[in-house]
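One letter stands for each residue in the lines below.
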There are 2 protein chains.
Amino acid sequence: MKIGFIGLGIMGRPMALNLLKAGFELTVYNRTASKCETLREAGADVASSPAEAARGADAVITIVSNTCDVEEVLLGPQGVHQGIASGAVVIDMSTISPIATEQFARRFEELGVSMLDAPVSGGDTGAQAGTLSIMVGGPAEAFQRCLPVFQAMGKTITHIGPSGHGQKTKLVNQVLGAGTCMAMVDAVRLMQKSGLDCDKAIQALAGGAAGSWQWSNLAPRVVAEDFAPGFMIKLLSKDLRLVEELARSLNLELPIQQETAQCFFKAEASGLGDLGTQGVYRLFEKK
Amino acid sequence: MKIGFIGLGIMGRPMALNLLKAGFELTVYNRTASKCETLREAGADVASSPAEAARGADAVITIVSNTCDVEEVLLGPQGVHQGIASGAVVIDMSTISPIATEQFARRFEELGVSMLDAPVSGGDTGAQAGTLSIMVGGPAEAFQRCLPVFQAMGKTITHIGPSGHGQKTKLVNQVLGAGTCMAMVDAVRLMQKSGLDCDKAIQALAGGAAGSWQWSNLAPRVVAEDFAPGFMIKLLSKDLRLVEELARSLNLELPIQQETAQCFFKAEASGLGDLGTQGVYRLFEKK
């Protein structure tokens, strides 16, 4: 199976390397061409445009920063749509607007090309280890055909439903993660201000009904003042803006989510954007 | 070891039965005397006042509804302080004000009696199974002496620190649980309104960085419209009022927690108090 791969950032590069390791034939493209060298050395061909990366490919994967970048590489002047063959599959693994995703999928359908939206969670460590969670929307037939591709990059791979449902599931994940993170931060602040032994208290609550991944993994880091990113505040803020767009389109009010999003937006505006999400704690620490 | 046991409600009764099963000699007291019958049949003595339950006991356990009930059974006219011997231990397993707890402990210290605050989590099912989490504050020596008593009722038993620290840890637990619950509710609402396959989406997110006990256990109940209580909204609201008292005394602002608490208070005021905490969802469902 021949794959075009577009976007060799912190996530894309290790994912592309895992595809090579699994034996797929790869042609890569990246806006900053120098980032292609590692992949060239590992055996990939290098294309000079998204259209060229798509030429002759059975599947084209895109993983770039945001909605307009995806639009540019897919449908721009030198975009994937210029090179891709009828019968191939486009797999967008970026986290972008589900509304735009549905529009892109319709454009490719007109060319006889199926599009899957397949955003991931698990961060750069999951990308390196090949243990990402992948949430997929789009035609079931295309999903089945591309399953070996997903299996080379991820562990928990779920076909959720039609086009856009991968992106929507990812946004539900971000609502859940951001809210759970804020609950963790509030609880840590009360724990510290109460003068409790934090190690003992974190341990005592971890296995109960209040427990979460965030509590077990990030509360100890907050206490140790370790704000290094697993997942950066500025990236979560970007996703929470997509949540706002989606909620608005559904006429849905999420009061706690709105407060939570404001905290992450404020943290980003205060220069904390490059910290891990647990760094939202630093918004409050001086109060 | 001879134990006085005061408070045979939904939590106290199965906990007292587990103590009998473990071989402890029990004298029970309950304000509504008829609730003592099950315990009498199981082999407990029945006292006609808290003071009488405390007479000759090595340890006296209280588990009643709120701070003034604890004050009444401990320090009221017929209270534990009238019967308890110097050298014995008072163990309050209710969830009450940590500030009042510290005052009660000082009163008993004057009588030569150690007091432990040992609130629990795990609900009535945990109380029946003897698998409660028990968070203990108070003198280490008294904790060690009473450890076999705790082991007859719970599984995760942690001595957190001095008097009041059990209650404070319990309140941190409630902040964490309430916030994580609201994140779950927001995420479920977005999931449903987006038209996602809820079973698949819940499963897809459960093992990742957004996962929590609340998500795995309560999100499926919300989707199934099962609002039966594990833990009732009105009891969580009571605990969140204790959190407000504690935060105020520490001059600590917890903005998301305050919004979260308002949701549970509103739910209680809207007649949803007897539902499980996941029932806070019903505050929003008509919007």
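Owing to the predicted nature of the structure, the values given are computational and were not obtained by experimental measurement.

Student: I keep staring at the overall build of chain A and nothing clicks. Help me out?
Tutor: What chain A contains, in helices and strands, is twelve helices and nine strands. Taken over C-alpha atoms, the radius of gyration comes to 20 Å for chain A, in line with the 19 Å a tight globule of 287 residues would show. Principal-axis analysis of the C-alpha atoms places the extent of chain A at approximately 65 × 45 × 35 Å. For chain A, with 287 residues in total, the buried portion stands at 59%. Entry remark: accessible area of chain A is about 11100 Å², with carbon and sulfur atoms responsible for 48%. Charge separation in chain A, taken as the distance between the mean sites of 25 positive and 29 negative side-chain charges, equals 4 Å.

Student: Whenever I open this one, empty space enclosed by the protein confuses me. Can you help?
Tutor: Sizing a probe to match a water molecule and rolling it over the atoms shows the empty space that remains. For the structure on display, the rule yields one cavity of 30 Å³ or more. By volume, the largest cavity amounts to about 30 Å³. What lines the largest cavity is A:V175, A:G179, A:I256, A:Q257, A:T260, B:A183 and B:D186. When contributions to the lining of the largest cavity are tallied by element, the ones reaching two or more residues are α8 (165–193) and α12 (255–272) of chain A together with α8 (165–193) of chain B. The element that contributes the greatest number of residues to the lining of the largest cavity is α12(A), accounting for three residues. For the lining of the largest cavity, the residue count by class is three nonpolar, three polar and one charged.

Student: Any chance you could explain the packing of aromatic side chains here in plain terms?
Tutor: Any aromatic ring pair is given by two values, namely how distant the centres are and how the planes are angled relative to each other. Residue and element names in this part refer to chain A. All chains considered together, the criterion is met by four aromatic pairs over all chains. Taken together, a centroid distance of 6.0 Å and an interplanar angle of 25° make the contact between F143 and F150 stacked. Between the NZ or CZ atom of R241 and the centre of the ring of F265, over which it lies, the distance is 4.3 Å.

Student: Teacher, can you tell me more about the relation of the copies chain A and chain B here?
Tutor: The relation between the two copies of this chain is a rotation about an axis and a shift parallel to it. Screw-axis analysis of chain A against chain B gives a translation of 0.0 Å along the axis, an RMSD of 0.0 Å, and a rotation angle of 180°. Taken together, the rotation and translation describe the operation of a two-fold axis. If distances are taken from each C-alpha of chain A to the rotation axis, the shortest is found for A:S212, at 1.9 Å. Same-surface contact between copies: 100% of interface residues of chain A are shared with the interface of chain B.

Student: What am I meant to see in the interface of chain A and chain B here?
Tutor: Accessible area lost when the parts come together is the quantity often used to give the size of an interface. Contact with chain A, which involves 55 residues of that partner, is made by 56 residues of chain B. Buried surface at the junction of chain A and chain B, both sides included, amounts to about 4900 Å², of which 72% is carbon and sulfur. Taken together, chain A and chain B are joined by zero salt bridges. At the boundary of chain A with chain B, the tally comes to ten residue pairs in polar contact (both at pLDDT 80 or more). Counting residues per element, the ones that place at least two in the side of chain A that touches chain B are β9 (154–161), α8, α9 (198–206), α10 (213–223), α11 (233–249) and α12 of chain A. It is α8(A) that contributes the most residues to the side of chain A that touches chain B, 20 residues altogether. Each residue belonging to the side of chain A that touches chain B can be placed in one class, and the counts come to 29 nonpolar, 18 polar and eight charged.

Student: Would you mind going over the nonpolar core with me for this structure?
Tutor: Within soluble globular proteins, side chains that are nonpolar generally end up buried alongside one another. Counting residues in hydrophobic clusters, the biggest one holds 95 residues, and the most contacted among them are A:M184, A:W215, B:M184 and B:W215. If near-sequence neighbours (up to four positions away) are discounted, B:M184 is found in contact with A:L176, B:Q214, B:W215, B:L218, B:A219, B:V222 and B:Q278.

Student: Would you take a moment to explain unusual backbone geometry for this structure?
Tutor: Peptide bonds are, in most cases, trans, and in most cases residues other than glycine have a negative phi. Of note, the phi angle at A:N251 is positive, near 60°, even though the residue is not glycine. You can see A:N251 is positioned in the loop between α11 and α12.

Student: So what exactly am I meant to see when it comes to the packing of α8(A) against α8(B) here?
Tutor: A pair of packed helices is characterised by two quantities: the angle between their axes and the separation of those axes. It is at 8 Å that the axes of α8(A) and α8(B) come closest, and there the two elements cross at 165°. For the element pair α8(A) / α8(B), the angle class is roughly antiparallel. Relative to α8(B), the crossing made by α8(A) is right-handed. Here A:L171, A:V172, A:V175, A:L176, A:G179, A:T180, A:A183, A:M184, A:D186, A:A187, A:L190 and A:M191 of α8(A) lie close against α8(B), whose contacting residues are B:L171, B:V172, B:V175, B:L176, B:G179, B:T180, B:A183, B:M184, B:D186, B:A187, B:L190 and B:M191. Taken together, the residues of the contact of α8(A) with α8(B) break down into 18 nonpolar, four polar and two charged.

Student: It is not clear to me how the environment of B:E244 should be interpreted in this structure. Could you clarify?
Tutor: Relative to the assigned elements, B:E244 resides in helix α11 (residues 233–249). Every residue in contact with B:E244, bar those within four places of it in the chain, is listed here: B:A261, B:Q262 and B:F265.

Student: For this particular structure, what's the right way to read the side chain of A:D186?
Tutor: Its place among the elements puts A:D186 in helix α8. A polar contact is formed between the side chain of A:D186 and the backbone nitrogen of B:Q257, at a distance of 2.8 Å. In this view, A:D186 contacts B:V175, B:L254, B:P255, B:I256 and B:Q257; residues no more than four positions away in its chain are not counted.

Calculation criteria
Residues numbered from 1 in each chain as written. Chains lettered and ligands numbered in written order. Predicted model: local features only at pLDDT ≥ 70, side-chain atom pairs only at ≥ 80, totals over all residues. Heavy atoms only, no water. Helix = DSSP H or I, 4+ residues; strand = E, 2+ residues; numbered from the N terminus. Rg over C-alpha atoms; globule rule 2.2 N^0.38 Å. Buried < 20%, exposed > 50% of the residue type's maximum accessible area, 1.4 Å probe, protein only. Areas by Shrake-Rupley, 256 points an atom, 1.4 Å probe, with all protein chains shown as cover. Lys, Arg positive; Asp, Glu negative; His and termini not counted. Charge placed at Lys NZ, Arg CZ, Asp CG, Glu CD. 1 Å grid on protein atoms, 1.4 Å probe; cavity = no way out; pocket = protein on both sides within 12 Å on 5 of 7 lines; lining within 4 Å. Points joined across faces, edges and corners; volume = space filled by probe spheres on them. Nonpolar A, V, L, I, M, F, W, Y, C, P; charged D, E, K, R; others polar. Phe/Tyr/Trp six-rings, centres within 6.5 Å; stacked < 30°, edge-to-face > 60°. Lys NZ or Arg CZ within 6 Å of the ring centre and 35° of its normal. Least-squares fit on C-alpha atoms with pLDDT ≥ 70 in both. Contact = heavy atoms within 4.5 Å. Buried area = accessible area lost by both parts, 1.4 Å probe. Salt bridge = Lys/Arg side-chain N within 4 Å of Asp/Glu carboxyl O. Polar contact = N/O pair within 3.5 Å; in protein donor to acceptor, adjacent residues only side chain to side chain. Core = buried A, V, L, I, M, F, W, Y, C linked by side-chain atoms within 4.5 Å. Axes fitted to C-alpha atoms, helices over the stretch in contact; angles between N-to-C directions. Parallel < 35°, antiparallel > 145°, perpendicular 65-115°, else oblique. Left-handed = near helix turned anticlockwise from the far one by under 90°.

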